[in-house]
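These are the residues of each chain, in order.
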Amino acid sequence: MHWILNNIKRIRISRNYTQQYLASELGISMAWYNKLENGHKSFRLDQIDTIAKILDVPISSITETNNVPPPEFSTIWKRNSRTSLPIG
C-alpha cells in the first residue's frame, strides 16, 4: 500500500503542509508521523480519514492507486540475501 503513502506525501507537499503540521493535527509527534509517512509504521484507517479532511480531499484521492505514477522499476529481494535486483 505504498501508493497511499505516496499520495499523502504528494498532496501534503502540494498544499505546503509540513509533517509537523499534520502530526500536530493528528495529535501525534512529528517523529511518529515521519515513521508513518515513510512506511516504518502503519496509518490507522481513522488517521487516513482525518488526513483526507486536513488536506481537504476525498479519501479516494489518498487510497486510489491511479493517482501515483508507476515506478521506473521493481525490486526483487533474493531469498536469504541482502542484495536486491532491479527488474523492469
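Coordinates for the structure precede this section.
So, here is what we can say about the structure in this document. (Residues numbered from 1 in each chain as written. Predicted model: local features only at pLDDT ≥ 70, side-chain atom pairs only at ≥ 80, totals over all residues. Heavy atoms only, no water.)

1. Some details on the nonpolar core
Then comes step 1: Ranked by internal contacts, the top residues of the largest apolar core, which has 17 residues, are Ile8, Tyr33, Phe43, Ile51, Leu55 and Ile62.
Then comes step 2: Put simply, the parts of the chain that give this core at least two residues each are helix H1 (2-14), helix H2 (19-26), helix H3 (30-37) and helix H4 (45-55).
Then comes step 3: A per-element tally of this core places H4 first, with five residues.
Then comes step 4: Setting aside residues up to four positions removed in sequence, Tyr33 forms contacts with Ile8, Arg12, Gln19, Leu22, Ala23, Leu26, Ile28, Phe43 and Ile51. (Core = buried A, V, L, I, M, F, W, Y, C linked by side-chain atoms within 4.5 Å. Buried < 20%, exposed > 50% of the residue type's maximum accessible area, 1.4 Å probe, protein only. Helix = DSSP H or I, 4+ residues; strand = E, 2+ residues; numbered from the N terminus. Contact = heavy atoms within 4.5 Å.)

2. A short note on unusual backbone geometry
Then comes step 1: The backbone of Asn16 shows a phi angle near 60°, a positive value even though the residue is not glycine.
Then comes step 2: Tracing the chain through its elements places Asn16 in the loop between H1 and H2.
Then comes step 3: Accessibility expressed as a relative area gives 69% for Asn16, which makes it exposed.
Then comes step 4: The phi dihedral of Asp56 falls on the positive side, at around 60°, and the residue is not glycine.
Then comes step 5: Relative to the helices and strands, Asp56 is located in the loop between H4 and helix H5 (59-63).
Then comes step 6: Here Asp56 falls in the exposed class, since its relative accessible area comes to 67%.

3. Looking at the pattern of salt bridges
When the charged atoms of two side chains lie near each other, side chains of opposite charge can form a pair.
Then comes step 1: Across all of its chains, the model carries three salt bridges by this definition.
Then comes step 2: Among the ionic pairs, Glu37 bridges to Arg12, the shortest N-O distance being 2.8 Å. Of this pair, Glu37 sits in helix H3 while Arg12 sits in helix H1, placing them 25 residues apart in sequence. Both residues of the pair, Glu37 and Arg12, count as buried.
Then comes step 3: In this structure, the salt-bridge partner of Asp49 is Lys53, at a minimum N-O distance of 3.2 Å. Of this pair, Asp49 and Lys53 are both found in helix H4, four residues apart, which corresponds to roughly one turn of the helix.
Then comes step 4: Residue classification places Asp49 among the partly exposed positions, given a relative accessible area of 30%. (Salt bridge = Lys/Arg side-chain N within 4 Å of Asp/Glu carboxyl O.)

4. Digging into the side chain of Arg12
Then comes step 1: A residue is classified by how much of its surface remains accessible, and Arg12, at 7% relative accessible area, is buried.
Then comes step 2: In terms of polar contacts, Arg12 uses its side chain to reach the side chain of Glu37, at 2.8 Å. (Polar contact = N/O pair within 3.5 Å; in protein donor to acceptor, adjacent residues only side chain to side chain.)

5. Here we look at the packing of H2 against H3
Then comes step 1: In the contact formed by H2 and H3, the axes pass within 8 Å of each other and the chain directions differ by 105°. Relative to H3, the element H2 is oriented roughly perpendicular. Across the interface between the two elements, Gln19, Gln20, Leu22, Ala23 and Leu26 from H2 touch Met30, Tyr33, Asn34 and Glu37 from H3.
Then comes step 2: Residues of the contact of H2 with H3, tallied by class, amount to five nonpolar, three polar and one charged. (Axes fitted to C-alpha atoms, helices over the stretch in contact; angles between N-to-C directions. Parallel < 35°, antiparallel > 145°, perpendicular 65-115°, else oblique. Nonpolar A, V, L, I, M, F, W, Y, C, P; charged D, E, K, R; others polar.)

Everything listed here is a matter of geometry and, on its own, says nothing about what the molecule does.
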